[in-house]
Amino acid sequence: MKIVVAGGSGLVGSRLVTRLREQGHDVVSASRRTGVNTVTGEGLDAALSGAEIVVDVTNAPSFDEPDVTDFFRASTRRLLEAGERAGIAHHIALSVVGTARLQSSGYFRAKQVQEDLVRAARVPHTLVEATQFFEFMASIIPPGGGHDAVTLPSGLVQPVAADDVAAQLARIAAEPPSAATIEIAGPDTWPLHELVQWVMYSHQDARPFIADANALYYGGRLDDRTLVPDAQARIAPTHFRDWLADLLASKVEMPHVHHPDPIAHPR
């Protein structure tokens, strides 16, 4: 089966490409590195020719408005239009748990645009919403040094390993399109500030922290429900504490994905 992974060079996409190829599929990793631009449409028709499934795990290069919304609108439209021309049987799009609940955030509003386009398209689809990736916890650490206190949101999160998300997407690719939204989450729920504190310690960052319910996350205010999945979510097996311990034992530096001001204290 030919499967196209849009964003196949990224954190989840590269893992998904590997898994699908190990399962014997003919997999096209579609990204700018391979000459495919989902925003302009360059190379899309050739990449999707003969394919049965598209998995969209693209992400915006900028989380600032209007860039982030422009990206997801253009990229999603191009993928769906090319998919319709190619006769794609199943379009799978990766989004974020809590998208509809955090519309005060520009990034989550942009993801809502993506989800709405997929739901309205004629191409058979499945939407997948994942919780925050373990690998992104480092990007939440506010910059700075010394002994200045770090203010962090205290809302609950249930993060998941990127490899577990890739595993679930590979399974969903083997299922028929459901026109439903499937949630994926890790096994444990934590206050966000506690997880970030663990990562800070792993970076030998000893700054004190303040847990603040009013601190912002990507421009939005969290409560204990915002980023937590429903009871029907597919629960991945990897615990954050085990993932972090393995990472530290292997002496591999935690990926630090830079996003502009993911946390900001309200003025």
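The coordinates are above.
Residues numbered from 1 in each chain as written. Predicted model: local features only at pLDDT ≥ 70, side-chain atom pairs only at ≥ 80, totals over all residues. Heavy atoms only, no water.

Caption draft 1: Region of interest: the pairing of strand S8 (residues 181-185). Burial of S8 is extensive: four of the five residues sit out of reach of the surface. Here strand S5 (residues 125-130) runs beside S8; their pairing, made up of four bridges, is parallel. In the strand pairing of S8, valine 128 is matched with isoleucine 182. As defined by bridge partners, S8 adjoins strand S13 (residues 234-235) across two bridges and the pair is classed as parallel. When the bridges of S13 are listed, alanine 185 appears paired with isoleucine 235. (Buried < 20%, exposed > 50% of the residue type's maximum accessible area, 1.4 Å probe, protein only. Helix = DSSP H or I, 4+ residues; strand = E, 2+ residues; numbered from the N terminus. Pairing = 2+ DSSP bridges.)

Caption draft 2: Up close: the packing of helix H1 (residues 11-22) against helix H5 (residues 162-173). Taken N-terminus to C-terminus, the directions of H1 and H5 make an angle of 50°; their axes are 8 Å apart at the nearest point. Taken together, the axes of H1 and H5 lie oblique to each other. Considering only the axes of H1 and H5, their crossing is right-handed. Here Leu11, Val12, Arg15, Leu16, Arg19 and Leu20 of H1 lie close against H5, whose contacting residues are Ala162, Asp163, Val165, Ala166, Ala167, Leu169 and Ala170. Residue composition of the contact of H1 with H5, grouped by class: 10 nonpolar, no polar and three charged. (Axes fitted to C-alpha atoms, helices over the stretch in contact; angles between N-to-C directions. Parallel < 35°, antiparallel > 145°, perpendicular 65-115°, else oblique. Left-handed = near helix turned anticlockwise from the far one by under 90°. Contact = heavy atoms within 4.5 Å. Nonpolar A, V, L, I, M, F, W, Y, C, P; charged D, E, K, R; others polar.)

Caption draft 3: Seen up close, the sheet that holds S8. Strand order in this open sheet of seven strands is S2-S1-S3-S4-S5-S8-S13, and the pairing throughout is parallel. The strands lining the two open edges of the sheet, one partner per strand, are strand S2 (26-30) and S13. Pairing between strand S1 (residues 2-6) and S2: five bridges, direction parallel. Counterpart to lysine 2 in the pairing with S2 is aspartate 26.

Caption draft 4: How the structure looks around the packing of aromatic side chains. A complete count under the given rule lists 13 aromatic pairs for this structure. On the numbers, 4.7 Å between centres and 90° between planes, the contact of tyrosine 217 with tyrosine 218 is edge-to-face. Judged on exposure class, the residue tyrosine 217 and its partner tyrosine 218 are both buried. Three or more aromatic residues joined by ring pairs make a cluster, and in this case those are Phe63, Phe71, Phe72, Tyr107, Phe108, Tyr217 and Tyr218. (Phe/Tyr/Trp six-rings, centres within 6.5 Å; stacked < 30°, edge-to-face > 60°.)

Caption draft 5: Molecular detail of H1. For H1, spanning 12 residues, the distance from its first C-alpha to its last is 18 Å, which sits close to the expected 16 Å at 1.5 Å a residue. When we look at burial in H1, the residues that qualify are Val12, Gly13, Leu16, Val17 and Leu20. For H1, the angular spread of buried residues about the axis comes to 130°, placing them on one side. For H1, the secondary structure elements touched by its buried residues are S1, S2, strand S3 (53-56), strand S4 (90-96) and H5. Downstream of H1 by one or two residues, glycine 24 has phi in the positive range, about 95°. (Expected span 1.5 Å × (residues − 1). Arc of directions from axis to C-beta.)

Caption draft 6: Layout of unusual backbone geometry. With an omega of 5°, the peptide bond between glutamate 65 and proline 66 qualifies as cis. Relative to the elements of secondary structure, proline 66 occurs in the loop between S3 and helix H3 (67-86). One non-glycine residue, alanine 179, adopts positive backbone phi at about 60°. Within the fold, alanine 179 resides in the loop between H5 and S8. Phi at tyrosine 218 is positive, roughly 50°, even though this residue is not glycine. Along the chain, tyrosine 218 falls in the loop between strand S11 (216-217) and strand S12 (220-221). According to the relative accessible area criterion, tyrosine 218 is buried, its value standing at 13%.

Caption draft 7: Just the side chain of serine 75, in detail. In this structure, serine 75 sits in helix H3. For serine 75, the side chain forms a polar contact with the side chain of threonine 38, separated by 2.7 Å. Dropping the residues within four chain positions of it, serine 75 is found in contact with Thr38, Val39 and Thr58. (Polar contact = N/O pair within 3.5 Å; in protein donor to acceptor, adjacent residues only side chain to side chain.)

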